[in-house]
Amino acid sequence: MIDTIGMVFIALGLTFDVLGCVGLVRLPDVYNRLQAATKCVTLGTCSILFGTFLITIDTSLATGLKALVAIVFLVLASPVAAHAVSRGAHRAGVKLWEGSVVDQYAEDKEGEE
Amino acid sequence: MKSRILMFIIAFAVWCLLTWVPDTEHLIAGAVVALIVAAVMGSMFSTRPHMMLHPMRYFYFIFWYLPVFIWELLKANIDVAYRVIHPGLPIKPGIVKLKTKLRSDTGLTFLANSITLTPGTLTVDVNQDDGELYIHWIYVKGTDPDTVFREIGSRFEPILMKIFEE
């Protein structure tokens, strides 16, 4: 029973990971792509790890605990990475997609440099 | 000093979880490693260690913040999946400014991370002095401060105020 639930979590995680990758290809600029990459890949990978935890809970607690610790670090680290990449991109002068409606960050930064 | 002790305890706990099942050799090695980590990095870990001693903060974190966060994360994924699969690619992106009342390092970090993992938003930069967050929004609904706060900030700010400030 618990194996089946674990498999469902892993399948869901794979689905979200695939959708994240599709988003990475389809969306127009670096910021939109980061949105897809961060959200889908975080939940997808967490879901795969949680499924692993459920499947291995009977046989080896050691594996399951490592998976849980990995979830915590993933949730803490992936938004920070997305933040660093997007800030770096903006500072390096990467333009927003031409369909973008507003950029208050650029407006506020004009006076600084 | 308190910050170093806290760092030691957390580093040691993570070590124990990673080397499960604990036995004597692992515990000794872990204690040595955790001591080194705490000595080198401890002072950077927490500027307000006394905040960690309030049980109510943990209570709010586990029973209020986490359920809201997981729910928003699920919604965010379905939202992105919808936009990606939709043939018309319904996006209207832009970068907006969010004003927040949070000022502490931890509070702002958690708010920025929560915003990144919730539907359609991604934190680009933080201005700590004025409490302003620059947010890339995949579907801009309005640029005036009130709309931005209602759509993005209002879900998490009151919770994080309770946990990390006051």
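None of these values were measured; they are calculated from a predicted model. (Residues numbered from 1 in each chain as written. Chains lettered and ligands numbered in written order. Predicted model: local features only at pLDDT ≥ 70, side-chain atom pairs only at ≥ 80, totals over all residues. Heavy atoms only, no water.)

(A) Representation of the overall build of chain B. A count of helices and strands for chain B gives 6 helices and 3 strands. The N-to-C order of helical and strand elements in chain B reads α-α-α-β-α-β-β-α-α. What you see for chain B is a C-alpha radius of gyration of 20 Å, clearly larger than the 15 Å of a compact globule of 166 residues, by over 25%. Taking all 166 residues of chain B together, the buried fraction comes to 44%. Looking at chain B alone, contacts between residues at least 24 apart form 68% of all its contacts between residues at least 6 apart. Of note, chain B has its 15 positive side-chain charges centred 5 Å away from the centre of its 15 negative side-chain charges. (Helix = DSSP H or I, 4+ residues; strand = E, 2+ residues; numbered from the N terminus. Rg over C-alpha atoms; globule rule 2.2 N^0.38 Å. Buried < 20%, exposed > 50% of the residue type's maximum accessible area, 1.4 Å probe, protein only. Contact = heavy atoms within 4.5 Å. Lys, Arg positive; Asp, Glu negative; His and termini not counted. Charge placed at Lys NZ, Arg CZ, Asp CG, Glu CD.)

(B) Up close: a nonpolar patch on the surface. Taken together, the side chains of Met-56, Tyr-58, Phe-59, Ile-62, Phe-63, Leu-66, Ile-70, Trp-71 and Leu-74 of chain B present a nonpolar region at the surface, about 910 Å² in accessible area. Structurally, the position occupied by Ile-62 of chain B is in helix 3 (residues 55-85). (Patch = residues over 30% accessible without salt bridge, like charges linked within 9 Å, V, L, I, M, F, W, Y side chains within 5 Å. Areas by Shrake-Rupley, 256 points an atom, 1.4 Å probe, with all protein chains shown as cover. Salt bridge = Lys/Arg side-chain N within 4 Å of Asp/Glu carboxyl O.)

(C) Inspection of the sheet that holds strand 2 (residues 121-127) of chain B at higher detail. Spatially, the 3 strands line up as an open sheet ordered 1-3-2 (chain B), and their pairing is antiparallel. The open sheet has two edge strands with one neighbour each: strand 1 (94-99) and strand 2 of chain B. Adjacent strand axes in the sheet meet at a mean angle of 30° when their direction is disregarded. Across the face of the sheet, helix 3 (residues 61-91) of chain A comes into contact with strand 1 and strand 2 of chain B while running at roughly 70° to strand 2 of chain B. Each of strand 1, strand 2 and strand 3 (132-137) of chain B touches helix 5 (residues 145-153) of chain B; the most contacted strand, strand 1 of chain B, lies at about 90° to it. (Pairing = 2+ DSSP bridges. Axes fitted to C-alpha atoms, helices over the stretch in contact; angles between N-to-C directions.)

(D) Representation of helix 3 of chain A. Residues and elements named next belong to chain A. Along its 31 residues, helix 3 runs 45 Å from first to last C-alpha, staying within 8% of the 45 Å computed at 1.5 Å per residue. Most pronounced at Leu-74, the bend in helix 3 amounts to some 25°. Those residues of helix 3 not exposed but buried are Gly-64, Leu-65, Ala-67, Val-69, Ile-71, Ser-78, Pro-79, Ala-82, Ser-86, Ala-89 and His-90. (Expected span 1.5 Å × (residues − 1). Bend = angle between axes of the 7 residues up to and from the residue.)

(E) Representation of the nonpolar core. Formed by 28 residues in total, the largest nonpolar core has its most connected members in Val-96, Leu-133 and Ile-152 of chain B. Elements represented by at least two residues in this core include exactly helix 1 (2-26) of chain A together with helix 3, strand 1, helix 4 (105-116), strand 3, helix 5 and helix 6 (157-164) of chain B. Top element by residues in this core is helix 6 of chain B. It accounts for 5 residues. Judged by nonpolar contacts, the second largest core, of 8 residues, contains Ala-36 and Cys-40 of chain A together with Ile-91 and Ile-138 of chain B. (Core = buried A, V, L, I, M, F, W, Y, C linked by side-chain atoms within 4.5 Å.)

(F) Representation of the side chain of Thr-121 of chain B. When you line up the elements, Thr-121 of chain B lands in strand 2. In terms of polar contacts, Thr-121 of chain B uses its side chain to reach the backbone carbonyl oxygen of Thr-118 of chain B, at 3.4 Å. Not counting chain neighbours up to four residues away, the residues in contact with Thr-121 of chain B comprise Gln-35 and Lys-39 of chain A together with Ile-115, Thr-116, Ile-135, His-136, Trp-137 and Ile-152 of chain B. (Polar contact = N/O pair within 3.5 Å; in protein donor to acceptor, adjacent residues only side chain to side chain.)

(G) Highlighting the layout of surface pockets. Here the largest pocket is characterised by a volume of approximately 2,200 Å³. Every residue lining the largest pocket is counted, 48 residues in all, and those nearest its centre are Val-72 and Leu-76 of chain A together with Phe-61, Phe-110 and Phe-164 of chain B. When contributions to the lining of the largest pocket are tallied by element, the ones reaching two or more residues are helix 1, helix 2 (30-56) and helix 3 of chain A together with helix 1 (2-18), helix 2 (24-45), helix 3, helix 4 and helix 6 of chain B. At 10 residues, the largest contribution of residues to the lining of the largest pocket is made by helix 3 of chain B. Built from parts of two domains, the lining of the largest pocket gets at least three residues from each of domain 1 (2-51) and domain 2 (54-164) of chain B. (1 Å grid on protein atoms, 1.4 Å probe; cavity = no way out; pocket = protein on both sides within 12 Å on 5 of 7 lines; lining within 4 Å. Points joined across faces, edges and corners; volume = space filled by probe spheres on them. Domains from an automatic or database assignment.)

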